[in-house]
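Structure at a glance
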Amino acid sequence: MTSLSSQAMTVGRAAHAAPRRRSRQWTAYAFLAPLVIYLLVFYAYPLYRNIDLSVHDYTPRAFVRGDPEFTGLDNYRDILSDDTFLRALRNTALFTLVSIAAQYALGLALAVFFQRNFRLSAVLRAMFLVPWLLPLIVSASTWSWMLNSDNGIVNAALEAFGIGQINWLTSPDTSLLAVTIANIWLGVPFNLVILYAGLQTISADLYEAAGLDGANGWQRFWRITFPLLRPVSAITLLLGLIYTLKVVDIIWIMTKGGPADASTTLATWSYREAFGTGQPDFSPAAAVGNLLILIAFAAGLLHVHLQRKEERA
Amino acid sequence: MKRWKTAAGVVLVGVMLFPVYWMFNVSLTRTGDMRADPPHWFPWNPTFEGYAAALAQQLPALATSLFIGLGTVALTLVVALPAGYSLAKLRPRGARGIDFLLLVAQMIPAVVMAMGFYAIYIRLGMLNTVPGLIVADSTLAVPFGVLLFRAFMASIPGELMAAAQIDGASTWRTFRSIILPLSRNSVITVSLFAFLWAWSDFIFASTLNRNSDVIPITLGIFRYIGNNTTQWNSIMATAVIASVPAAFLLVLAQRYIAAGVTAGAVKD
């Protein structure tokens, strides 16, 4: 009898709860609606337009009139067989890998350094954020001026060490290095902030115990800090990868991808084709851009995969 | 021992911020001293002619950037706040899918978005307009904003909402009177970033507003460099002025920034 009435009560409650749950779902969707509309109109539609650009032959005139010729995958075939493609792919790989490796190493070293408690530690750490908050045009033009061949401060300083003039931005041998240096400088603060936050989660007891066992600073770093920081490191590196793949501004402002494509990456190549010359060539530019999305997407899937693994662990 | 570390820290900051100092130094250098070899390490005979020129020529661009920045903040908050609330507290079905879409959205290169927007704007007549740029710039901040709000609002105790609802508050009322006031810090963080990203944007400005008379400051500086290879003091003075909002916001809100980046980057 008791069990029956409680059963009836459960059924009654369930029947009552169902419509309420449904109405709560609708409220949830109502609050989500602006975002969904936004994503459809301002992300999905431009992306669709971009794919549309890449499978047609859009001349500036066809752009305005809206009657481009459908060319299928011709644009993709063209860019893949273009001489610039391998150049840009190689430069993208070098620029990205060297940038994130150096940013990570410097960011981690600084995070470990600032983890110690000393006077002004917090203030000095905050000052490291400055380069990251400056508009890119500001940092990039400052670096251009510093790396200027004739009277840049970098060459003047190198001269003191007996190193002759280096044409940082105008020589094909060094322009990629020059933009990479500027990009590393820009990325260090972000790495510092995230890795520092990661260090805070490692318990001080572990270091104390290791100290009692006679571990020196180096051993403590390699046996405790580095392994325990791994999940944060993975995410930092992946965010760095995704961000660095898309960099246009720094390179464009400092070298315009030149000289002779020496510092052209996939992103700057796409930008140049579409907007960098007097004659916009949107269709191949869109094809290059879509290739870039595929690469970033692969990195993103890796990110999600690692995150899931992390959650399970 | 500790004093030694402070000294090392000061040196490291000095090295890191040297380009910022150099920008400042060049902005005060006389045109005639600009090509000195070796360059002067300090502005021995400081001149403000660079700043005078910058203010005379770039003031409208600064105002445009300010307007675009504030517009971007408003649009970002209007879209991201309710969405963050919904994802954190109302548990809509399909939330995981939205998370994934937001992640993907952050990976799309701005140059690709710029081409898409260009193709759309050219038909709508929105090229070279300020609203067009506000919309484009907001795409930099909206996914970040939603993810940050969701992470922050998830940490607000559910009991507070339940108590409000027992008192008869609607979901909207709970959002307005409980969630929003408690989310102040995260609102500041997102607004800061949305403003800074819009203020610093170069790609959208140089593609969607390049033939306009109304240009933001980044494009102003870029044109300046193109037209004016001799007056680096004016260019650097403009750069210094363009950095003021960033410096100001940094001082004002450094703890929010660090907390915001951490929440946005590590937890999501």
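Everything here concerns the structure above.
Residues numbered from 1 in each chain as written. Chains lettered and ligands numbered in written order. Predicted model: local features only at pLDDT ≥ 70, side-chain atom pairs only at ≥ 80, totals over all residues. Heavy atoms only, no water.

**Thoughts on the interface of chain B and chain A**
In this complex, chain B contributes 96 residues to the contact, which on the side of chain A involves 92 residues. When the two sides are added together, the surface that chain B and chain A hide from each other amounts to roughly 8300 Å², 78% of it contributed by carbon and sulfur. Considering only the surface of chain B that becomes buried against chain A, B:Met16, B:Met107 and B:Met115 emerge as the three largest contributors, covering 9% of it. Scanning the region where chain B abuts chain A turns up zero salt bridges. Applying the counting rule to chain B against chain A returns twelve residue pairs in polar contact (both at pLDDT 80 or more). Among the elements that line the side of chain B that touches chain A, the one with the most residues is helix 12 (residues 232-267) of chain B, at 15 residues. Of the residues that constitute the side of chain B that touches chain A, the class distribution is 69 nonpolar, 15 polar and twelve charged. (Contact = heavy atoms within 4.5 Å. Buried area = accessible area lost by both parts, 1.4 Å probe. Salt bridge = Lys/Arg side-chain N within 4 Å of Asp/Glu carboxyl O. Polar contact = N/O pair within 3.5 Å; in protein donor to acceptor, adjacent residues only side chain to side chain. Helix = DSSP H or I, 4+ residues; strand = E, 2+ residues; numbered from the N terminus. Nonpolar A, V, L, I, M, F, W, Y, C, P; charged D, E, K, R; others polar.)

**What to know about helix 7 (residues 136-146) of chain A**
Extensive coverage of helix 7 of chain A is indicated by the burial of eleven of its eleven residues. Among all positions of helix 7 of chain A, only A:Leu136, A:Ile137, A:Val138, A:Ser139, A:Ala140, A:Ser141, A:Thr142, A:Trp143, A:Ser144, A:Trp145 and A:Met146 are buried. (Buried < 20%, exposed > 50% of the residue type's maximum accessible area, 1.4 Å probe, protein only.)

**Some remarks on empty space enclosed by the protein**
In this approach the atoms are scanned with a rolling probe the size of a water molecule, which exposes any empty space left behind. What the rule picks out here adds up to three cavities of 30 Å³ or more. Here the largest cavity defines a volume of roughly 1400 Å³. What lines the largest cavity is a set of 47 residues, and nearest its centre among them are A:Trp132, A:Tyr243, A:Lys246, B:Leu140 and B:Trp197. With six residues, the top contributor of residues to the lining of the largest cavity is helix 6 (residues 130-154) of chain B. (1 Å grid on protein atoms, 1.4 Å probe; cavity = no way out; pocket = protein on both sides within 12 Å on 5 of 7 lines; lining within 4 Å. Points joined across faces, edges and corners; volume = space filled by probe spheres on them.)

**Digging into the packing of helix 7 of chain A against helix 11 (residues 217-227) of chain B**
The relative placement of two packed helices comes down to the angle between their axes together with the axis-to-axis distance. Running from N to C, helix 7 of chain A and helix 11 of chain B cross one another at 25 degrees; their axes reach a closest spacing of 9 Å. Relative to helix 11 of chain B, the element helix 7 of chain A lies roughly parallel. Residues A:Ile137, A:Val138 and A:Ser141 of helix 7 of chain A pack against B:Thr218, B:Ile221, B:Phe222 and B:Ile225 of helix 11 of chain B. Across the contact of helix 7 of chain A with helix 11 of chain B, the residue classes break down as five nonpolar, two polar and no charged. (Axes fitted to C-alpha atoms, helices over the stretch in contact; angles between N-to-C directions. Parallel < 35°, antiparallel > 145°, perpendicular 65-115°, else oblique.)

**Considering the nonpolar core**
Among the nonpolar cores identified, the biggest contains 174 residues, and A:Leu35, A:Phe114, A:Met254, B:Met115, B:Phe204 and B:Leu208 are the most heavily contacted of them. Ranked by residue count, the leading element in this core is helix 3 (residues 49-90) of chain B, at 16 residues. When near neighbours in sequence (up to four residues on either side) are disregarded, B:Phe204 contacts B:Ala110, B:Met113, B:Ala114, B:Phe117, B:Leu133, B:Ala136, B:Asp137, B:Thr139, B:Leu140 and B:Asn209. Membership of the second largest hydrophobic core comes to six residues, among which are A:Leu245, A:Ala299, B:Val104 and B:Met107. (Core = buried A, V, L, I, M, F, W, Y, C linked by side-chain atoms within 4.5 Å.)

**Examining the pattern of salt bridges**
Oppositely charged side chains can pair when the atoms bearing their charge come close. Scanning all chains against the criterion turns up four salt bridges over all chains. Between A:Arg77 and A:Asp74 there is a salt bridge, with its nearest N and O atoms 3.0 Å apart. Placement of the pair is A:Arg77 and A:Asp74 together in helix 3 (residues 74-81), with a separation of three residues, close to one helical turn. A:Arg77 sits in the exposed class, given a relative accessible area of 54%. According to the relative accessible area criterion, A:Asp74 is partly exposed, its value standing at 33%. The shortest N-O distance in the salt bridge between B:Arg150 and B:Asp99 comes to 2.5 Å. Of this pair, B:Arg150 sits in helix 6 while B:Asp99 is found in helix 4 (residues 95-107), placing the two residues 51 residues apart along the sequence. Taking the relative accessible area as the measure of exposure, B:Arg150 reaches 19% and is therefore buried.

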